[in-house]
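Chain residues, written in single-letter form:
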Amino acid sequence: MSDLFVGLMSGTSLDGIDAALVEFGGRDERPERARLVAFLTRPYPSDLSERLADAVAGRGGSASLGELDFDLGRLFADSVDSLLRESDVSPREVTAVGSHGQTVWHRPPDGSRSGSTLQIGEPAVIAERTGIDVVSDFRVRDVAAGGHGAPLTPLFDLMILSRSDRSLAIQNLGGMANVTGLPGGANVAAPVAFDTGPGVALIDEAARRLSEGTRRFDPEGRLAAAGEVVPAALDPGLEDPFFAER
């Protein structure tokens, strides 16, 4: 028994949409196998990236945020359509679309202060335009329950990558970076996961500045590999209290 799903991801690097068509076999939340059928990346148009950056920075009002929410929903839906056309798969063959949305605000709880989070890319627009059921808004329930709402990957890592004969550490370099620790043996069902600090969000910005806007990221890490660590710049950042937390 197997089902087809489409996963949509747009990270805090604000660079575009990843769409994956995946076949899962098995039952319930324990897939016996997973197969990547097709994948595409759709870069954001420059004007949309600028609007997203404004939203993340808190510039603009409710009208601009509402319009951006629906514009993104249409772009997500177009990405699904393109992916299915390239794969020669009918929307009727897809069980559901999972859409993380684009994070424009995320603040984890801190002491007595409650957390809050907001992802846009209207799922109702995706469902209306594709005709496929959509699952979305993955972070908010965890934040409502007092969690950090991040990282999102540990459950997937546990279901797909865990091994009974060894322990694993999986580092995800998204806009923000996070790690999942999967203990082997009897503790395989007890993952430990947390953010490890900024990821490609800072790297991409450095690439843009160093190239005077001609590069949006650092291909193969070539710019980074050609440089040298500057302790006077690095050490103050590593003194942030975040890095002393358990």
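Residues numbered from 1 in each chain as written. Predicted model: local features only at pLDDT ≥ 70, side-chain atom pairs only at ≥ 80, totals over all residues. Heavy atoms only, no water.

Draft legend 1. Just the side chain of Q119, in detail. Within the secondary structure layout, Q119 lies in strand 5 (residues 116-120). At 3.1 Å, the side chain of Q119 and the side chain of T103 are in polar contact. Of the polar contacts made by the side chain of Q119, one reaches the side chain of T117; its length is 2.9 Å. Look past the residues within four positions of Q119 in its chain and what remains in contact with it is H100, G101, Q102, T103, W105, D137 and R139. (Helix = DSSP H or I, 4+ residues; strand = E, 2+ residues; numbered from the N terminus. Polar contact = N/O pair within 3.5 Å; in protein donor to acceptor, adjacent residues only side chain to side chain. Contact = heavy atoms within 4.5 Å.)

Draft legend 2. Just the confidence of the model for the protein, in detail. For the protein, the mean per-residue pLDDT works out to 90, and 98% of the residues sit at or above 70. Helix 5 (residues 154-161) is the least confidently modelled element of the protein, averaging 86 in pLDDT, while helix 3 (residues 123-130) averages 98, the highest of any element. (pLDDT = per-residue confidence, 0-100.)

Draft legend 3. Examining the pairing of strand 1 (residues 2-10) more closely. Pairing analysis gives eight bridges linking strand 1 to strand 2 (residues 16-27), with the strands arranged antiparallel. Within strand 2, the position partnered with F5 by the bridge is V22. The turn linking strand 1 back onto strand 2 is made up of five residues, and L14 within it adopts a positive phi angle of 60°. The pairing of strand 1 with strand 4 (residues 94-107) spans six bridges and is parallel. (Pairing = 2+ DSSP bridges.)

Draft legend 4. Just the sheet that holds strand 7 (residues 168-173), in detail. With antiparallel pairing, the three strands of this open sheet are ordered in space as 7-8-9. Sheet topology places strand 7 and strand 9 (192-198) at the edges, where each strand pairs with a single neighbour. Pairs of neighbouring strands in the sheet enclose a mean axial angle of 20°, with direction left out of account. Two strands pair when backbone bridges link them, and strand 7 and strand 8 (residues 176-182) are joined in this way by six bridges, in the antiparallel orientation. What sits directly across from Q171, in strand 8, is V179. Against the sheet, helix 5 contacts strand 7, strand 8 and strand 9, and its axis sits at roughly 40° relative to strand 8. (Axes fitted to C-alpha atoms, helices over the stretch in contact; angles between N-to-C directions.)

Draft legend 5. Local environment of the packing of aromatic side chains. Summed over the entire model, instances satisfying the criterion amount to two aromatic pairs. Ring geometry for F242 and F243: centres 5.2 Å apart, planes at 85°, overall edge-to-face. Assessed through its relative accessible area of 33%, F242 is described here as partly exposed. Judged by its relative accessible area of 41%, F243 falls in the partly exposed class. (Phe/Tyr/Trp six-rings, centres within 6.5 Å; stacked < 30°, edge-to-face > 60°. Buried < 20%, exposed > 50% of the residue type's maximum accessible area, 1.4 Å probe, protein only.)

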